[in-house]
Amino acid sequence: MSDLELLTQSLARNVKHWRSVRGFTLDVLAARAGVSRGMLIQIEQARTNPSIGTVVKIGDALGVSVPTLLDYEQGPRVRVVPAERAVRLWHTEAGSFSRLLAGTEAPGPLEMWDWRLMPGENSPSEPHPGGTIELVHVTAGELTLTVEGTEYRIPAGASASFEANVPHLYGNQGDVPMEMVMAVSVPPVP
C-alpha cells in the first residue's frame, strides 16, 4: 500500500472515529467544517484525497490536529518521525514549501524552545504533570532522547513526540553540537 493510500485510509478511519467521539452526525460536521456532506461521505469511505484546506477545516471542526487525522502509526508513547516521513503539505515551483514535522493535541499551554547541547552534555528532566506532551525537531547533530530508560536516536531533520510525565533526558553523544526546536504542551489546570 502506498503512502497516499495509507493516508487516505487513516483519514477515513480517524474522521469517523473523532466524529463519533464528538457525537457529530455527518450533517453537523459538514456544517461546522463548511464542507459538503457528500465530501465527508467520500472521505469516510476512503474514496477521495481531499485538499489540505479541507483536512484543516475538518480538523478544526472536530477540535483535533491535522497530524491526528493523518496518523496511521498508532500506539507507542514515543513516536519518532524520520525526515523522509515529514508530510509536505504544499510547495511551489520556486522552492517554497511547508512541511508538517510533528504534531499532537494541545489542550492547554504550549511552549516552544530553542535548544543547543554541546558534545558529551545532557540535560535531565523530572516528570511533568500528567498529560504533558513534548515535540522535538532536531536541526543539527543528533539528539539522544532517553524516556524511562530507553534511548531514541533522532538525527538532524527528524522529529519525535512523547508523553513527558515520566523521567526523560536530552543528550548529545555525538562530536558536533546538537540543536533542536522543542514544543511543550501542558494540560490546563482542572
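Computed from a predicted model, the values in this text were never measured in an experiment.

About the thresholds
Residues numbered from 1 in each chain as written. Predicted model: local features only at pLDDT ≥ 70, side-chain atom pairs only at ≥ 80, totals over all residues. Heavy atoms only, no water. Axes fitted to C-alpha atoms, helices over the stretch in contact; angles between N-to-C directions. Helix = DSSP H or I, 4+ residues; strand = E, 2+ residues; numbered from the N terminus. Parallel < 35°, antiparallel > 145°, perpendicular 65-115°, else oblique. Left-handed = near helix turned anticlockwise from the far one by under 90°. Contact = heavy atoms within 4.5 Å. Nonpolar A, V, L, I, M, F, W, Y, C, P; charged D, E, K, R; others polar. Phe/Tyr/Trp six-rings, centres within 6.5 Å; stacked < 30°, edge-to-face > 60°. Buried < 20%, exposed > 50% of the residue type's maximum accessible area, 1.4 Å probe, protein only. Salt bridge = Lys/Arg side-chain N within 4 Å of Asp/Glu carboxyl O. Pairing = 2+ DSSP bridges. Arc of directions from axis to C-beta.

Caption draft 1: Inspection of the packing of helix H2 (residues 26-33) against helix H4 (residues 52-62) at higher detail. The geometry of H2 relative to H4 is characterised by a closest axis approach of 8 Å and an angle of 110 degrees between their N-to-C directions. When the axes of H2 and H4 are compared, the pair comes out roughly perpendicular. Between H2 and H4 lies a crossing of right-handed hand. Of the residues in H4, those in contact with Leu29, Arg32 and Ala33 of H2 are Lys57, Ile58, Ala61 and Leu62. Across the contact of H2 with H4, the residue classes tally to five nonpolar, no polar and two charged.

Caption draft 2: Up close: the packing of aromatic side chains. Inspection of every chain in the model, using the stated rule, returns one aromatic pair. Their ring planes at 50 degrees and their centres at 4.9 Å tell us that Trp115 and Tyr170 sit as a pair that is tilted. Of this pair, Trp115 sits in strand E4 (residues 110-117) while Tyr170 is found in strand E10 (residues 168-171), placing the two residues 55 residues apart along the sequence. Of the residues examined, Trp115 reaches a relative accessible area of 19% and is grouped as buried. Residue class for Tyr170 comes out buried when judged on its relative accessible area of 2%.

Caption draft 3: Structural detail: the pattern of salt bridges. Scanning the entire structure with this criterion turns up five salt bridges. We note a salt bridge from Arg37 to Asp27, for which the minimum N-O separation is 3.0 Å. Taken together, the positions of Arg37 in helix H3 (residues 37-44) and Asp27 in helix H2 put the pair 10 residues apart, joining distant regions of the chain. Classification of Asp27 by relative accessible area gives partly exposed; the value is 48%. The partner of Arg153 in a salt bridge is Glu151, and the shortest N-O contact between them spans 4.0 Å. When its relative accessible area of 42% is taken as the criterion, Arg153 is described as partly exposed. Each member of the salt-bridge network shares a partner with another, and the members are Glu142, Glu151 and Arg153.

Caption draft 4: Representation of the pairing of strand E6 (residues 133-140). Along E6, six of the eight residues are buried, which leaves the element largely enclosed by surrounding structure. Two strands pair when backbone bridges link them, and E6 and strand E11 (residues 178-185) are joined in this way by seven bridges, in the antiparallel orientation. Bridge pairing in E11 places Val136 opposite Met182.

Caption draft 5: Molecular detail of H3. The set of residues buried in H3 consists of Leu40, Ile43 and Glu44. Buried residues in H3, looked at end-on, bunch into an arc of 90 degrees, giving them a common side. Residues of H3 that are buried sit in contact with helix H1 (3-22), H2 and H4. Downstream of H3 by one or two residues, Ala46 has phi in the positive range, about 55 degrees.

Caption draft 6: Region of the structure containing the sheet that holds E10. Read across the sheet, four strands follow the order E5-E10-E7-E8 without closing on themselves; strand pairing throughout is antiparallel. The open sheet has two edge strands with one neighbour each: strand E5 (122-125) and strand E8 (150-155). Between one strand and the next, the sheet's axes are offset by a mean angle of 15 degrees, whatever the strand orientation. As paired strands, strand E7 (residues 142-147) and E8 are joined by six bridges and run antiparallel to one another. In the strand pairing of E8, Leu143 is matched with Ile154.

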